[in-house]
Amino acid sequence: MTRRLTVAQALVTFLAHQYTERDGRRQRLIDACWGIFGHGNVAGIGQALLESEGALPYLQGRNEQAMVHAAVGFARQRDRLAAHAVTTSIGPGATNLVTGAALATINRLPVLLLPGDTFATRPADPVLQQLEHPGAGDISVNDCLRPVSRYFDRITRPEALIPAALQAMRVLTDPAETGAVTLALPQDVQVEAYDWPEEFFADRVWRVRRPAPDPAATADAAAAVRAARRPLIVAGGGVHHSEAEDALRALVEATGIPVASTQAGKGSLRHDHPADVGGIGHTGTAVADELARAADVVIGVGTRYSDFTTASATLFAPGVRFVNLNITSFDAHKLAALPLVADARAGLRALTEALAGYRVPASYESEYAAGKAAWEAEVERAYAVADPGARPGQAQVLGALDAVVGEEDVIINAAGSLPGDLHKLWRARSRRQYHLEYGYSCMGYEIPAAIGVRLAAPDRPVWALVGDGTYLMMPTELVTAVQEGIAIKVVLIQNHGYASIGGLSEAVGGERFGTAYRYRAPDGSYSGDPLPVDLAANAASLGMDVLRARTAGELRTVLAEARAADRPTCVYVETETADSVSGAPPAQAWWDVPVAETATRPAAVRARRDYERHAAARRRYLGT
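Residues numbered from 1 in each chain as written. Predicted model: local features only at pLDDT ≥ 70, side-chain atom pairs only at ≥ 80, totals over all residues. Heavy atoms only, no water.

## Topic: the overall build of the protein chain
Rules: Counting from the N terminus, the helices are DSSP H or I runs at least four residues long and the strands are E runs at least two residues long. A radius of gyration in this sense is built from C-alpha atoms; the matching globule rule multiplies 2.2 Å by the number of residues raised to 0.38. Type-normalised accessible area, obtained with a 1.4 Å probe on protein chains alone, sets the label of each residue: buried when under 20%, exposed when over 50%, and partly exposed for intermediate values. We call two residues contacting when some pair of their heavy atoms lies within 4.5 Å.
What the protein chain contains, in helices and strands, is 24 helices and 23 strands. Against the 2.2 N^0.38 benchmark of 25 Å for 624 residues, the protein chain shows a C-alpha radius of gyration of 25 Å, consistent with a compact globule. Projected onto the principal axes, the alpha-carbon positions of the protein chain cover approximately 70 × 70 × 55 Å. Counting all 624 residues of the protein chain, 58% fall into the buried class. Look at the contacts in the protein chain between residues 6 or more apart in sequence, and 76% of them connect residues 24 or more apart.

## Thoughts on helix 11 (residues 286-294)
Where helix 11 is concerned, the buried positions are Val-287, Ala-288, Asp-289, Leu-291 and Ala-292. Contacts made by the buried residues of helix 11 are with strand 12 (231-235), strand 13 (259-261), strand 14 (276-279) and helix 15 (362-383).

## Regarding the sheet that holds strand 2 (residues 18-22)
Threshold: By this definition, two strands are paired if DSSP reports at least two bridges between them. Interaxial angle, 0 to 180 degrees, is taken between N-to-C directions of lines fitted to C-alpha atoms, where a helix line uses only the stretch in contact.
Sheet architecture is open: three strands sit in the order 3-2-11, paired in mixed fashion. The open sheet has two free edges, formed respectively by strand 3 (25-28) and strand 11 (204-207), since each of these has just one partner strand. Taken pair by pair, the neighbouring strands of this sheet meet at an average axis angle of 30°, ignoring direction. Pairing of strand 2 with strand 11 involves four bridges; the strand directions are parallel.

## Observations regarding the pattern of salt bridges
Our working rule: Any carboxyl oxygen of Asp or Glu that lies within 4 Å of a side-chain nitrogen of Lys or Arg is treated as forming a salt bridge with it.
Counted according to the given criterion, the structure contains 42 salt bridges. Residues Asp-534 and Arg-548 are paired through a salt bridge, measuring 3.0 Å at the closest nitrogen-oxygen approach. Of the two residues, Asp-534 is situated in the loop between helix 21 (499-507) and helix 22 (535-541) and Arg-548 in strand 22 (residues 545-549); the sequence distance between them amounts to 14 residues. Residue class for Arg-548 comes out partly exposed when judged on its relative accessible area of 33%. In this structure, a network of salt bridges that share partners links the residues Arg-22, Asp-23, Arg-25, Arg-210, Glu-243, Asp-343 and Arg-345.

## A look at the packing of helix 18 (residues 446-456) against helix 20 (residues 477-484)
Short version of the rule: The labels follow the angle: roughly parallel below 35 degrees, roughly antiparallel above 145, roughly perpendicular from 65 to 115, and oblique for the rest. Three residue categories are used. Nonpolar comprises Ala, Val, Leu, Ile, Met, Phe, Trp, Tyr, Cys and Pro, charged comprises Asp, Glu, Lys and Arg, and polar comprises the others, including Gly.
The contact between helix 18 and helix 20 brings their axes to 9 Å, and the two run at 25°. Judged on the interaxial angle alone, helix 20 and helix 18 are roughly parallel. Contacts from Ile-447, Pro-448 and Ile-451 of helix 18 reach helix 20 at Glu-477, Leu-478, Thr-480 and Ala-481. Its residues assigned to classes, the contact of helix 18 with helix 20 comprises five nonpolar, one polar and one charged.

## Examining the packing of aromatic side chains
Under the convention used in this document: Between the rings of Phe, Tyr and Trp (Trp by its six-membered ring), a pair exists once the centres lie within 6.5 Å; its type follows the angle of the planes, with under 30 degrees stacked, over 60 edge-to-face, and the other angles tilted. For a ring to carry a charge above it, either NZ of a lysine or CZ of an arginine must fall within 6 Å of the ring centroid while also lying within 35 degrees of the normal to the ring plane.
As enumerated under the stated definition, the model contains 14 aromatic pairs in all. For Lys-266, the ring lying beneath its charged end belongs to Tyr-434, and the centroid distance is 5.6 Å. A cation sits over an aromatic face here: Arg-548 above Tyr-572, 5.5 Å from the ring centre.

## Topic: the packing of helix 8 (residues 215-226) against helix 14 (residues 344-354)
We count it as follows: Crossing handedness follows the turn of the near helix against the far one: under a right angle anticlockwise gives a left-handed crossing, and clockwise gives a right-handed one.
Running from N to C, helix 8 and helix 14 point in directions that differ by 55°, and their axes come no closer than 9 Å. One finds that helix 8 runs oblique with respect to helix 14. For the element pair helix 8 and helix 14, the recorded crossing hand is right-handed. Together, Thr-218, Ala-221, Ala-222 and Arg-226 of helix 8 and Ala-350, Leu-351 and Ala-354 of helix 14 make up the contact between the two elements. Residue composition of the contact of helix 8 with helix 14, by class: five nonpolar, one polar and one charged.

## Brief notes about a nonpolar patch on the surface
Heads up, the rule is: Candidates for patches are residues over 30% relative accessible area with no salt bridge; among them, like charges are joined within 9 Å and nonpolar side chains (Val, Leu, Ile, Met, Phe, Trp, Tyr) within 5 Å. Surface exposure here means Shrake-Rupley accessible area, sampled with a 1.4 Å probe, where a residue is shielded only by the protein chains that are shown.
Judged by side-chain polarity, Phe-37, Val-42 and Tyr-58 come together as a nonpolar surface patch covering roughly 240 Å² of accessible area. Among the secondary structure elements, Phe-37 is positioned in the loop between strand 4 (30-35) and helix 2 (42-51).

## Overview of the pairing of strand 7 (residues 111-117)
Taking burial as the measure, the seven residues of strand 7 include seven buried ones, the bulk of the element. Across the two faces of strand 7 the burial is the same, with Val-111, Leu-113, Pro-115 and Asp-117 and Leu-112, Leu-114 and Gly-116 all buried. When strand 6 (residues 83-88) meets strand 7, the two strands line up parallel, connected through four bridges. By the bridge assignment for strand 7, Ala-85 is matched with Leu-112.

## Some points on helix 23 (residues 552-564)
Let me state the cut-off plainly: This arc describes the spread of directions from the helix axis toward the C-beta atoms.
Along helix 23, the positions that sit buried rather than exposed are Ala-552, Leu-555, Val-558, Leu-559 and Ala-562. Buried residues in helix 23, looked at end-on, bunch into an arc of 105°, giving them a common side. Opposite its buried face, helix 23 presents the exposed residues Thr-557 and Ala-564, each directed more than 90 degrees away. The inward-facing, buried residues of helix 23 contact helix 16 (394-404), strand 20 (462-467), strand 21 (489-494), strand 22 and strand 23 (569-574).

## What about the sheet that holds strand 5 (residues 58-60)?
Either a parallel or an antiparallel arrangement is found when strands of a sheet pair, and the pairing is made through backbone hydrogen bonds. Spatially, six strands are ordered 5-4-6-7-9-8 in an open sheet, and the strand pairing comes out parallel. Edge positions in the sheet fall to strand 5 and strand 8 (151-154), since each has one partner strand and no second. Pairs of neighbouring strands in the sheet enclose a mean axial angle of 20°, with direction left out of account. Relative to strand 9 (residues 180-186), strand 8 is paired through four bridges, and the arrangement is parallel.

## Observations concerning the state of the cysteines
Which entries qualify depends on this criterion: Sulfur atoms of two cysteines make up a disulfide when they are within 2.5 Å.
All chains considered together, the criterion is met by zero disulfides. There is no disulfide at Cys-570, and the cysteine sulfur nearest it, in Cys-442, is 20 Å away.

## Considerations on the environment of Ala-403
Note that Ala-403 resides in helix 16. You can call Ala-403 partly exposed: its relative accessible area is 42%. Sequence separation between Ala-403 and Gly-444 is 41 residues, and the spatial gap between their C-alpha atoms is 26 Å.

Written as structure tokens, this is what we have:
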């Protein structure tokens, strides 16, 4: 039997019948479709979504990049077992997807992109917004999505949709392959009718695998750990994606091995677990980084070892041995490690069994317990408010929020100076409370991601933490939150500039050039008075309820009011200026940002000397 539908109608119908299953729990794979319509998709996917009468729910966005961010936030909250689709017109609508696609793929999070494309039959060439390539007639702007997609196909014939759609679902549901998946849809093909086999529309369940590690590899890994006196676990995002927190806790309670976490892995253990030593790397805690420097075996679980984690290859000792548990072979083999290619939960359970009877020396446990207590005192110092009547520093904002939230709250951030402070200071209370996008560290992620998280978990309070720089990048989805009644909470911190890059600029001899939001001074620099913008008024103009916290003493009360609100609410707080924003302890490890080799300005000359001193400590880890 067949059913006659347009290509767009067939795709929407197909997507509505896809499911994932892991550990016996089934859910829809494509939960909804975001869309902004234009001549590339309005008559195709747009009409098909209307025709489906809600079989595939539609969500209206304001910016194509932001729609992808919302989809990514949703997928992460759902442990990569459910995703959203995003449809756009051709031209700028499609190219606006690229940043979001890169973010999804770098973070290994599934999203289905359905950009419109130029005519496959070329009756009018060029059409509006078409890129003409003199040497290749089959190239469109959508080809810029190829390098940032885990799977890409252009559907130039109706029948080509069947294998392409199946391949798209395979990649979305493969925990080792997932990321952005793009099906480029020429606008004429979208509306073309075809007789589709009914089997194409049957319910299809994609079982998300939990591969166990090879027994010989497990034995090798266990032997390496048993020989260690100072092992350290580095927990990455794979712990959360695999729902492996209980398995990790069982391992550390049996062995006493401490756990440091990447940005994506924070919360793998609760902050108050004796073995949790906090963040690792450039933005890590002193205790975690000191343990890393002296570790003889490092067990990476679900981490891809970014340069922030390794302090640009300067953190770990030259003779250290790595054991990497990762579902992706590419990541498991990094740093010449002993690889355990497996699901994080399955691998941790196998390793726990293989390590039966092993425990680290009691002196080691006492050492990291003392370091953990010392760092907790640093957190308390950073959170303390000296003058309730003054403006708070950024660390005091986090301290006030820490006092207000519960285990069920989700804290979202991605860029600026906040990620460093959060990684060092935040006390993660539950497995999904700490939501930092630091694979791509994309300004503008936070607000749309908060919408996606809230859609995935409608009963959880969701907070988007943004500075003024990030807010000005992409506040558009506040309108979406208001329209849909999605009660996100936005903490908008006004510090008059790019605080994070300002600090980095100062460290590398750039003297904070071009990082402040100020009027031009007579010398042409941006060093005049702060700009008289009122971002709180802007948020209110987009429909948000806005609460202003004018002093550190008011802040906790205002945050509690926002948490109780049932409408989208913005807490606006003006902190110290961008050149004195943090109050958190300084970096505990280096990060490699090259400094000018020749310069005449004294700041750059000094920075180059410091750079050469740090760079000399870089090393290759070759596993011998």
